[in-house]
Amino acid sequence: MYARMIHDLDGSTHAVPYGTRPDHFIISIDRRRLNEVMLNMAEKFPLVKFHFNHRLVKCNLESGDMTFSISGGATVEHTADLVIGCDGAHSAVRGVMEKKILFDFKQEYIEHGYVELETPADKSGDYAMAKNYLHIWPRDTFMLIALPNLDRSFTTTLFMPFKQFDQLTTETAVTNFFRATFPDAVKLIGENHLVKSFMDTKPSSLISVKCKPYHSGRAVIMGDAAHAMVPFYGQGMNAGFLDCLMFHELMDQYNDNFDLVLPAFTKMMQPNGEAIVDLAAYNYIEMRHLVNTWSYYFRKKMDNFLYRLMPNSWVPRYTMVTFTLTPYSKCIEHRDWQDKMLTRAAWIGGTTIVAMALCAVLPLAQMEDYLEHSTRIGRTFSRVVRGTKSHLGYSQFFLRHAWRYSD
């Protein structure tokens with residue numbers, strides 16, 4: 001998918017590209033199919049053994065001893081040199097870690113839930129909408145999205161505050177709601193199919209998790225067990241894969257010495273885990289609300305222009321997060337720096353415009369005399385006034401004084 005396709009209330013659409021290059025696209029993948037592919041690849045390794053329907057009920061983090069509950073109520077025990085907990089947002093391994101001293105843990109449910117629907121293929125068996133887009137119906141406090149599937153359907157999901165879901169308890173209320181807020185989507189999904197699917201589905205919750213450290217004894221957690229996030233950046237699975245990649249590199253770097261690898265893993269990845277959790281939460285606001293504002297498009301054009309001008313110095317946040325291996329925490333730091341630079345540029349630009357206007361109506365000597373004996377800002381403004389005498393003077397002023405007085 002190369003862009004977001006925004007669906008306005010009047011049925012009009014417009015595309016918002018994810019990036020500026022042909023390789024700037026995201027991929028819509030069937031999770032079950034991906035699991036099958038990964039399992040098939042893993043079973044080719046002779047040392048890999050699969051044990052399904054095993055629920056961890058006890059774990060000694062220091063010895064690596066584990067007890068699992070299996071079907072029929074029986075238990076089995078296993079011991080490992082290293083326990084890697086990739087067991088999701090409600091991780092049992094992390095649950096054991098939480099009982100240790102100096103383990104920080106934060107879990108948060110947002111006030112919004114979701115209901116998953118489906119947009120089927122059209123009557124000809126083709127996609128009902130353009131297939132190379134993430135379709136979004138942004139309505140400020142809630143949104144509908146649709147992602148394409150290989151069978152030419154779209155997985156369509158409504159994200160909305162629970163208090164609004166609570167108001168949709170009858171078929172009539174559901175019908176009126178979708179007709180009023182997503183009229184074009186109703187036609188694509190089919191009204192009867194939409195209402196039946198909605199009434200048969202209970203809204204699910206969205207959770208985020210932050211914790212520290214990611215290791216204890218002979219155990220380490222990765223993926224959602226370490227940093228569960230809301231799904232709005234599409235980085236949950238990628239962040240888990242990144243954990244694996246970095247852990248592999250650390251194993252090579254420290255010659256498989258767990259005493260060195262595990263602390264290094266926490267130090268490297270924990271700040272990035274917290275960062276992507278925050279980025280994902282922010283992106284929900286961007287997707288449901290900010291894409292309806294002019295300031296979002298102005299900033300996006302500004303970022304893309306500067307990226308083309310200075311590709312090594314100015315990279316848009318979405319590009320950094322999605323299309324590079326820049327650590328998530330660094331993505332936030334770079335964006336904060338960009339915000340400061342634009343704020344400073346706007347401050348200097350606005351001050352210069354005012355100075356030029358005053359130069360046109362007031363004697364320069366009189367204005368400088370007043371400003372030089374005024375406030376710190378006034379003295380800065382006086383320098384801008386002098387700088388407007390020529391392009392060279394302004395350039396010199398900008399380089400010498402812009403960063404000093406704009407904080």
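Computed from a prediction, not measured in an experiment: that's the story for all the values here.

Things to note about the environment of P263
- Secondary-structure assignment places P263 in helix α9 (residues 258-288).
- Overall, the relative accessible area of 36% leaves P263 in the partly exposed class.
- In this structure the C-alpha to C-alpha distance between P263 and Y214, which are 49 residues apart in sequence, comes to 8.3 Å.
- Residues contacting P263, with those up to four places away along its chain left out, are H215 and F258.

Quick word on the nonpolar core
- In this structure, M143, I221, F232, F247, F265 and Y328 are the most contacted members of the largest nonpolar core, which totals 61 residues.
- Those residues in contact with F265 that sit more than four places away from it in its chain are Y214, V220, I221, M222, D243, F247, L250 and Q270.

Things to note about a nonpolar patch on the surface
- Taken together, the side chains of L39, F45, V48, F50 and F52 define a hydrophobic patch exposed on the protein surface, amounting to about 480 Å² of accessible area.
- Its place among the elements puts F50 in the loop between α1 (31-42) and β3 (55-59).
- The exposure class of F50 is partly exposed, given its relative accessible area of 33%.

Side note on the sheet that holds strand β12 (residues 215-216)
- Strand order in the open sheet formed by three strands is β6-β13-β12, and the pairing between neighbours is mixed. At either margin of the open sheet sits one strand with a lone partner, and together these are β6 (83-85) and β12.
- Summarising the sheet, β6 and strand β13 (residues 219-221) pair through three bridges and their orientation is parallel. By the bridge assignment for β13, V83 is matched with A219.
- Against the sheet, α9 contacts β12 and β13, and its axis sits at roughly 20 degrees relative to β13.

Concerning the side chain of T181
- Tracing the sequence through the fold places T181 in helix α4 (residues 171-181).
- Among the polar contacts made by the side chain of T181, one reaches the main-chain carbonyl oxygen of F177 at a distance of 2.7 Å.
- Beyond its immediate sequence surroundings of up to four residues, T181 is in contact with L9, R139 and F142.

Some thoughts on the pairing of strand β8 (residues 133-138)
- Where burial is concerned, most of β8 is hidden: five out of the six residues are buried.
- In this structure, β8 lies alongside strand β9 (residues 143-148), joined through four bridges in antiparallel fashion. Within β9, the residue paired with H135 across the bridge is A146.

Things to note about the sheet that holds strand β5 (residues 75-79)
- Judged by pairing direction, the sheet is antiparallel, and its three strands sit side by side in the order β3-β4-β5 without closing on themselves. Edge positions in the sheet fall to β3 and β5, since each of these pairs with one other strand and no more. Averaged over neighbouring strand pairs, the angle between their axes works out to 30 degrees when direction is ignored.
- In this sheet, strand β4 (residues 65-69) lies alongside β3 in antiparallel orientation, the contact comprising four bridges. Across the sheet, C59 pairs through a bridge with M66, a residue of β4.

Some details on the packing of aromatic side chains
- Throughout the structure, instances matching the rule amount to 22 aromatic pairs.
- Taken together, a centroid distance of 6.1 Å and an interplanar angle of 25 degrees make the contact between F165 and F198 stacked. Of this pair, F165 sits in helix α3 (residues 162-165) while F198 sits in helix α6 (residues 191-199), and the two are 33 residues apart along the sequence. F198 matches F165 in its accessibility class, with the two residues each being buried.
- Taking the centre distance of 5.4 Å and the plane angle of 20 degrees together, the rings of Y233 and Y318 count as stacked.

Some remarks on the pattern of salt bridges
- Within this structure, the stated rule accounts for 15 salt bridges.
- For K100, the salt bridge goes to E62, with nearest N and O atoms at 3.9 Å. Of this pair, K100 sits in the loop between α2 (92-97) and β7 (104-119) while E62 sits in the loop between β3 and β4, placing them 38 residues apart in sequence.
- For E62, a relative accessible area of 47% translates into the label partly exposed.
- Here the salt bridges share partners, and the residues they tie into one network are R299, D303, R335 and D339.

A closer look at α6
- Buried within α6 are the following residues: L194, V195, S197 and F198. Taken down its axis, α6 places every buried residue within 165 degrees of arc, on the same side. Structural note: α6 exposes N192 and K196 on the side pointing more than 90 degrees away from its buried face.
- Check the buried side of α6 and you find it contacts β7, β10 (154-161), α3, α4 and α5 (183-189).

Things to note about unusual backbone geometry
- Note the cis peptide between K212 and P213, where omega equals 0 degrees.
- Within the secondary structure layout, P213 lies in the loop between β11 (204-212) and β12.
- A positive phi angle, near 60 degrees, is found at N53, a position not held by glycine.
- Position of N53 among the secondary structure elements: in the loop between α1 and β3.
- Overall, N53 belongs to the exposed group, its relative accessible area being 66%.
- Unusually for a residue other than glycine, N255 sits at a positive phi of about 55 degrees.
- Tracing the backbone shows N255 in the loop between α8 (236-253) and α9.

Thresholds, definitions, all that
- Residues numbered from 1 in each chain as written.
- Predicted model: local features only at pLDDT ≥ 70, side-chain atom pairs only at ≥ 80, totals over all residues.
- Heavy atoms only, no water.
- Helix = DSSP H or I, 4+ residues; strand = E, 2+ residues; numbered from the N terminus.
- Buried < 20%, exposed > 50% of the residue type's maximum accessible area, 1.4 Å probe, protein only.
- Contact = heavy atoms within 4.5 Å.
- Core = buried A, V, L, I, M, F, W, Y, C linked by side-chain atoms within 4.5 Å.
- Patch = residues over 30% accessible without salt bridge, like charges linked within 9 Å, V, L, I, M, F, W, Y side chains within 5 Å.
- Areas by Shrake-Rupley, 256 points an atom, 1.4 Å probe, with all protein chains shown as cover.
- Salt bridge = Lys/Arg side-chain N within 4 Å of Asp/Glu carboxyl O.
- Pairing = 2+ DSSP bridges.
- Axes fitted to C-alpha atoms, helices over the stretch in contact; angles between N-to-C directions.
- Polar contact = N/O pair within 3.5 Å; in protein donor to acceptor, adjacent residues only side chain to side chain.
- Phe/Tyr/Trp six-rings, centres within 6.5 Å; stacked < 30°, edge-to-face > 60°.
- Arc of directions from axis to C-beta.

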